[in-house]
Amino acid sequence: MSEHPGPAPSDNPFLMAAVAKPREFKDGTVSIPTPSITEAISIVDSFLRPSTLPAGTVIAVVGEYGTGKSHLVGAVLHHALSVPEEWRPRVAFLEARPATFVDLYKQLIGSELRRDDVCARVRELYADVLADALGESELTAEIAVLLRGGEVDPVEVSDRLNLMGSKYLASLRQRLEAVTRNRAFGIVLPLLLRHDFADAAWEWLSGHHPDPVLVDRGVDTPIATEELALEAMGVIALLYSTRGQKFMLAVDEMNKVVSATRKPSENAVDAFEKLIKVFAGAQALLVLAGLPDYLDELGGTVQQRIGRTILISPLTSENAIEYIRQSQEAIGRGRVLHPFTEDTVRYLVKLTDGNARRIIRLCSHLYRHAMDLSPRDPSRALVTEAMVRKVAREQAGARTTDHVRNEIRQVLAALGLNYERDHWMDPQTDSRADYWVPYGDEEGAGCALVLTDAVLTQGDCDALVGRATFLQTAAEQRQVLLIVVGLLNADFVTELGEAFSEEPISYDHWTFTETLSSVLERQLRMLDRDDTLVLGEERFRRLGRQQANTQRMLEQALKTLTTMRSSSERSLGQIQRELTELSTADRTAHAPESPPLRLPPPVMVLFTTAQSLLDGLDQVDATLRTMFAAAAGDAANAIDARVAVRGQLRSPHLFSAVGVGAMLRTLLITFRDSINEWYRSYVPSSSGGPYPVDKDRLSALCRAYDTVYEYVPFYRLEDLDGFGPHLVDGSVLLPPQVGEAQEVFNLLSGQVQAAVLDSVGEGR
């Protein structure tokens with residue numbers, strides 16, 4: 001069949017909601033045989049095979065939101081109901097709501113099971129109990145055979161033989177004690193078979209308070225605790241797994257019953273463990289599905305008793321392609337991929353990290369968008385990568401962002417934190433925090449929240465890295481968090497995690513408030529820490545992030561400014577490559593690999609003066625060398641040197657100052673070498689001065705220096721005042737004043753530009 005059919009039908013083959021409903025799973029439901037679904041169905045097939053031994057087990061299905069847990073449950077239930085009738089189990093499905101095990105039990109007994117069906121199961125169980133007792137005597141052996149074959153009513157037999165209330169009833173209670181120690185079930189269940197007591201018995205089993213007729217028989221407590229509800233579910237499993245019959249119970253969204261915010265009691269956990277034992281020891285299968293934390297809260301003992309844990313894996317590109325083909329085939333269009341291509345599907349899977357719900361929703365929007373662009377000839381419709389990005393951004397649009405802002409405000413209010421909206425750290429830079437949470441006594445300390453709709457391209461990532469740098473530069477005690485409302489390309493997670501205080505928070509409607517609250521509390525605790533060593537490590541990491549971010553900004557600025565130049569008599573593309581190589585070589589290697597310096601003396605003096613002042617302020621290298629030199633000489637001097645250095649290292653601001661010094665040194669050398677390269681590559685015009693393009697190139701280099709230098713916290717170098725090499729004779733080298741050095745760096749780009757132009761005759 002052709003990959004590009006004729007005019008496409010107007011029907012969209014992809015579900016907009018993309019929310020699976022297990023009860024609605026049918027033969028025509030589109031389902032991809034992923035490894036998770038294949039494994040689950042294999043377990044069900046093993047359970048359904050005829051066997052005289054207990055075949056019961058428990059399956060735990062675990063996955064994040066939108067990964068396909070409910071779809072898997074629907075596939076498993078549908079498969080169980082599709083087997084031949086002689087193998088078909090009694091199937092019950094419960095959809096957990098934010099409730100308790102009591103509510104689950106009431107849903108089971110009230111919605112999934114019928115009263116007459118439960119009575120029939122009790123009748124069978126009671127018949128087996130009587131048959132076991134009567135089969136021991138030759139006089140009643142024939143009646144026992146009739147009871148097992150269902151040919152006589154056990155109630156009529158017990159009445160005729162006057163057995164009700166006798167020792168045989170105790171046998172039924174003993175059978176039930178394998179499930180529960182509560183005698184009430186042994187009392188109430190047989191009463192379902194008595195017309196005068198059946199209504200009262202069913203009322204109690206449905207969770208209501210016991211009728212006086214039951215109270216008179218010792219049943220005075222309703223099924224209103226989680227422990228008793230779980231015991232009752234075990235009783236149901238036992239009733240429905242007699243005489244070779246099998247029972248299958250599936251519970252979806254278990255995390256709404258058990259989670260970190262809905263912790264079960266110890267008694268409930270013990271009762272749940274017993275429920276698992278009941279299913280495992282009977283012809284019963286229990287399927288539990290939910291977020292990962294529900295298993296954590298049930299504890300290790302329960303997890304050990306679970307027969308199989310199935311982790312939902314992300315969809316692969318092949319899975320997504322097959323889903324698209326099946327969806328098109330389901331509406332009669334054939335197994336076509338159009339308007340998608342294999343490349344765009346792979347890109348879509350990459351952006352969504354294989355999340356099934358996100359893939360399906362985007363497929364729906366992308367299909368409609370592509371068809372709208374080709375209304376007259378749908379066969380020409382095509383989904384491109386650019387369209388994927390456009391639609392992804394639209395889906396993280398204003399309405400969603402406003403909703404996220406509302407949830408952020410709720411979290412901040414719940415934590416009792418003051419905040420400012422759209423707070424600018426510096427009006428001259430891209431240093432806006434969507435939410436600024438001041439915290440602590442230090443000026444400028446706090447936590448900044450940055451909100452973005454989606455991160456799909458390298459440009460998106462670079463812009464956020466730059467923003468993180470601007471936000472972190474102005475103050476030392478500051479944490480910066482990134483919240484991504486829409487899609488986050490997995491390729492950029494690591495880079496963004498290094499630029500911000502931790503990895504980005506991807507918005508999820510179900511978990512966002514809990515996640516943000518936890519992250520905020522952790523980051524604010526970091527600001528509260530007064531442990532000098534821990535603070536020093538954190539500051540060192542922060543300085544590393546800032547320096548790496550600023551380095552990337554410098555590279556980007558150089559690339560951007562050079563690519564803006566128009567073509568001229570020389571190959572500007574070659575110049576750009578050479579400048580980039582020069583900058584990279586200077587950072588990673590050393591002077592021997594750089595081109596020889598050919599700067600005129602007036603220009604060279606400007607750089608050497610700045611370098612000398614910086615070296616005078618940043619005496620870390622000299623201090624450490626002095627300490628090691630002293631260690632090789634007199635022992636007393638060695639001790640003094642070590643003590644002096646150790647005392648200086650205790651300064652909480654030292655590492656920030658060292659990082660600033662390293663950044664300034666890198667900036668200065670890169671600027672110097674870029675000017676040197678300018679001299680190496682420029683060609684004088686016929687008048688002897690530089691061409692306009694060369695003057696523009698010189699201006700661009702000076703602006704690149706200013707762009708980076710503007711955001712370097714020069715004042716931090718004041719914290720190096722006390723860190724200098726104590727000489728063996730006790731004298732101290734006095735560093736220059738920070739203000740003097742800062743003045744030189746402030747004027748450096750303008751002075752360099754003027755000196756360069758003067759040296760090539762332009763200044764005359």
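Here the structure is shown first, and the text comes after it.
Let me begin by describing the structure that accompanies this report. (Residues numbered from 1 in each chain as written. Predicted model: local features only at pLDDT ≥ 70, side-chain atom pairs only at ≥ 80, totals over all residues. Heavy atoms only, no water.)

## Some points on the environment of Leu134
Tracing the sequence through the fold places Leu134 in helix H4 (residues 115-134). Once the C-alpha coordinates of Leu134 and Val145 are considered, the two residues, 11 residues apart in sequence, prove to be 9.3 Å apart. (Helix = DSSP H or I, 4+ residues; strand = E, 2+ residues; numbered from the N terminus.)

## Some details on the environment of Val744
By secondary structure assignment, the location of Val744 is in helix H30 (residues 738-759). Residue contacts for Val744: discarding those within four places in its chain leaves Ala610 and Leu613. (Contact = heavy atoms within 4.5 Å.)

## Thoughts on helix H9 (residues 198-205)
Residues separated by three or four positions in an α-helix point in the same direction, a consequence of the helix having 3.6 residues per turn. Most of H9 sits out of view: 6 of its 8 residues are buried. Taken residue by residue, H9 has Ala198, Ala200, Ala201, Trp202, Trp204 and Leu205 as its buried positions. In this structure, the buried side of H9 is in contact with helix H3 (101-112), H4, helix H8 (183-191) and helix H10 (212-215). Positioned one or two residues after H9, Gly207 has a phi angle of 100°, which is positive. (Buried < 20%, exposed > 50% of the residue type's maximum accessible area, 1.4 Å probe, protein only.)

## Observations concerning the side chain of Arg467
Take Arg467: it is sitting in helix H20 (residues 458-473). When its relative accessible area of 9% is taken as the criterion, Arg467 is described as buried. Sequence-distant contacts of Arg467, that is, excluding residues within four places in its chain, are made with Asp430, Arg432, Asp434, Val450 and Leu451.

## Thoughts on the sheet that holds strand S8 (residues 446-452)
Here we have 5 strands laid out as an open sheet, ordered S6-S7-S8-S9-S10, and mixed in their pairing. Every other strand in the sheet has two partners, leaving strand S6 (420-424) and strand S10 (505-506) as the edge strands with one partner each. The pairing of S8 with strand S9 (residues 478-484) spans 7 bridges and is classified as parallel. Each residue of the ladder has a partner; that of Thr452, found in S9, is Val484. Running over the sheet, H20 touches strand S7 (432-438), S8 and S9 and is turned about 160° from S8. Helix H22 (residues 512-528) contacts S8, S9 and S10 of the sheet and is inclined by roughly 165° relative to S9. (Pairing = 2+ DSSP bridges. Axes fitted to C-alpha atoms, helices over the stretch in contact; angles between N-to-C directions.)

## Looking at the pairing of S8
Successive residues of a regular strand alternate their side chains across the two faces of the sheet. Buried residues dominate S8, accounting for 7 of its 7 residues. Bridging between S7 and S8 involves 4 bridges; their strand directions are antiparallel. Directly across from Val437, in S8, lies its bridge partner Cys447.

## Quick look at the pairing of strand S1 (residues 57-62)
The element S1 is largely enclosed, with a buried count of 6 among its 6 residues. In this structure, S1 lies alongside strand S4 (residues 284-290), joined through 6 bridges in parallel fashion. What sits directly across from Val58, in S4, is Leu286. Relative to strand S5 (residues 308-311), S1 runs parallel, the two being bridged by 4 bridges. Bridge pairing in S5 places Ala60 opposite Thr309.

## Concerning the nonpolar core
In this structure, Leu249 and Phe272 are the most contacted members of the largest nonpolar core, which totals 78 residues. A total of 10 residues in this core trace back to one element, the largest contributor, which is H4. Apart from the residues within four sequence positions on either side, Leu249 is in contact with Ala92, Leu94, Leu108, Met233, Phe279, Leu285, Leu286 and Val287. Ala610, Met663, Leu668 and Ala741 belong to the second-largest nonpolar core, a separate cluster that totals 36 residues. (Core = buried A, V, L, I, M, F, W, Y, C linked by side-chain atoms within 4.5 Å.)

## Some details on the packing of helix H17 (residues 356-373) against helix H18 (residues 385-395)
Two elements in contact, H17 and H18, have axes separated by 10 Å at closest approach and are oriented at 120°. Comparing the axis directions of H17 and H18 gives the class oblique. In terms of crossing hand, the pair formed by H17 and H18 is right-handed. Each of Leu362, His365, Leu366, His369, Ala370 and Leu373 in H17 lies in contact with H18, whose residues at this interface are Met387, Val388, Lys390, Val391, Ala392 and Gln395. For the contact of H17 with H18, a count of residues per class yields 8 nonpolar, 3 polar and 1 charged. (Parallel < 35°, antiparallel > 145°, perpendicular 65-115°, else oblique. Left-handed = near helix turned anticlockwise from the far one by under 90°. Nonpolar A, V, L, I, M, F, W, Y, C, P; charged D, E, K, R; others polar.)

## Some thoughts on the sheet that holds strand S3 (residues 247-252)
One open sheet holds the 5 strands; their spatial order is S2-S3-S4-S1-S5, and the pairing between them is parallel. Either end of the sheet is taken by a strand with one partner, and the two such strands are strand S2 (90-95) and S5. Each adjacent strand pair in this sheet contributes to an overall mean axis angle of 15°, direction not counted. Across 5 bridges, the pairing between S3 and S4 is parallel. The residue of S4 that forms the bridge with Ala250 is Val287.

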